[in-house]
Amino acid sequence: MPLSIATWNINSVRLRLPLVESFLRTYAPDILCLQEIKCPEEFFPYQAFHDAGYAHVAISGQKGYHGVATISRLPIELVERRDFCAKGDCRHLSVTFEAGGLKILLHNFYVPAGGDEPDPEINWKFKHKLDFVQEMRGVIAEAGEANGSILVGDLNIAPLEHDVWSHKQLLKVVSHTPVETESFEAMRKAGGWVDLIRQAIPEPEKIYTWWSYRAADWAASDRGRRLDHVWSSANVAGKLAAIDILRDARGWDRPSDHVPVIARFDV
DNA sequence: ATGGTAGGACGCCTA
């Protein structure tokens, strides 16, 4: 059976609810993982998602900042909302669901952006980001009692040379510094995770999922970065059918600065 | 070399 999972940093789920509803009508993924919902649970628009056919929702939300939500047409079971770096930030949740007779563990992450200065000695936000990536070593693809794992989200790091518009010009820019990209790739490999976007679209093809709001013309300058990711355990990677990156979504009315990424599987 | 935009807690923090 086909299975589709989308990830999208929505940058306020309440402000962009009409955009999400339109996305769900058009692309109808089985599960959508949102990041930066920017609201606590009590303000989450459950009814709108229920009416759109997504009756199953797991949330880790806080006032004003961060927050992740996993919404689903399929039944999901909340596994954990993990407090990385013990700051009380809402940046992770995991659920299980069943598809094609398999039980799959699905992680939804929002990794800290890390501020502007790429020096952990003078910038606590950058230190927090590096610590967060280190702590992610505790999240491995081996799924325990489940049959496989998927990890998606805004991981705020563009690990490969062709994940940014200019490798050379971004080497000292937070999201693409060697200390981040090396730690990130080491963590991914140690966890047994497969980078599904790059499995589908190998280097040297440029791939971006985020374009800054600060560009005068995002499409013309096209200075993007691949900050959003879809990983899985090796057995699930073998079932990947396609990856769709909805670049057009960056040009929608009042867009997020991130676009949806959809992974399609045959399970 | 700098500043540019967006969102939420409407003043300033985060991205």
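Remember, it's a predicted structure, so these values are computed and weren't measured experimentally.

Along the polypeptide, Glu203 turns up in the loop between helix H5 (196–200) and strand S10 (210–211). Using a relative accessible area of 34% as the deciding quantity, one classes Glu203 as partly exposed. For the pair Glu203 and Glu180, spaced 23 residues apart in sequence, the C-alpha separation works out to 19 Å. There is a polar contact of 2.7 Å between the side chain of Glu203 and the backbone nitrogen of His162.

All right, on to the packing of aromatic side chains then. On inspection of all chains with the given rule, the structure shows twelve aromatic pairs. With a centroid separation of 6.4 Å and an interplanar angle of 40°, the aromatic rings of Trp193 and Trp231 are classed as tilted. Taken as a pair, Trp193 in the loop between helix H4 (178–190) and strand S9 (194–195) and Trp231 in strand S12 (residues 228–232) lie far apart in primary sequence, 38 residues in all. Connected via pairs of aromatic rings, a cluster forms that spans Trp8, Phe23, Tyr27 and Trp252.

Close contacts around DNA strand B come from 18 residues, with Ser12, Arg16, Tyr65, Arg214 and Arg254 the closest. Within the side chain of Arg91, a nitrogen or oxygen atom sits 3.4 Å from a phosphate oxygen of DNA strand B. A distance of 2.5 Å separates a base nitrogen of DNA strand B from a polar side-chain atom of Arg214. Per-class residue counts for the surface near DNA strand B are six nonpolar, four polar and eight charged.

Note that Ser72 resides in strand S4 (residues 68–72). The contacts of Ser72, once residues within four sequence positions are left out, are Asp30, Ile31, Gly53, Tyr54, Ala55 and His56.

So, on to the side chain of Ser232. Following the sequence through the fold, Ser232 ends up in strand S12. Of note is the side chain of Ser232, whose polar atom sits 3.1 Å from the backbone nitrogen of Ala237. In contact with Ser232, other than residues within four places in its own chain, are Ser149, Ile150, Gly192, Trp193, Val194, Leu196 and Ala237.

Here the focus is the environment of Arg82. Within the fold, Arg82 resides in the loop between strand S5 (77–80) and strand S6 (92–99). Once the C-alpha coordinates of Arg82 and His92 are considered, the two residues, ten residues apart in sequence, prove to be 5.7 Å apart. The residues touching Arg82, leaving out its near neighbours within four places in the chain, are His92, Glu135, Gly138 and Val139.

Pairing is mixed across the open sheet formed by six strands, whose spatial order is S3-S4-S2-S1-S14-S13. Taken across any chain shown, the strands that pair with only one partner, and hence form the sheet edges, are strand S3 (56–60) and strand S13 (240–245). This sheet shows a mean twist of 10° between the axes of neighbouring strands, independent of strand direction. Summarising the sheet, strand S1 (residues 2–9) and strand S14 (residues 261–266) pair through six bridges and their orientation is antiparallel. Pairing of Pro2 across the sheet is with Asp266, part of S14.

Reading the values: the criteria
Residues numbered from 1 in each chain as written. Chains lettered and ligands numbered in written order. Predicted model: local features only at pLDDT ≥ 70, side-chain atom pairs only at ≥ 80, totals over all residues. Heavy atoms only, no water. Helix = DSSP H or I, 4+ residues; strand = E, 2+ residues; numbered from the N terminus. Buried < 20%, exposed > 50% of the residue type's maximum accessible area, 1.4 Å probe, protein only. Polar contact = N/O pair within 3.5 Å; in protein donor to acceptor, adjacent residues only side chain to side chain. Phe/Tyr/Trp six-rings, centres within 6.5 Å; stacked < 30°, edge-to-face > 60°. Near = heavy atom within 4 Å. Nonpolar A, V, L, I, M, F, W, Y, C, P; charged D, E, K, R; others polar. Contact = heavy atoms within 4.5 Å. Pairing = 2+ DSSP bridges. Axes fitted to C-alpha atoms, helices over the stretch in contact; angles between N-to-C directions.

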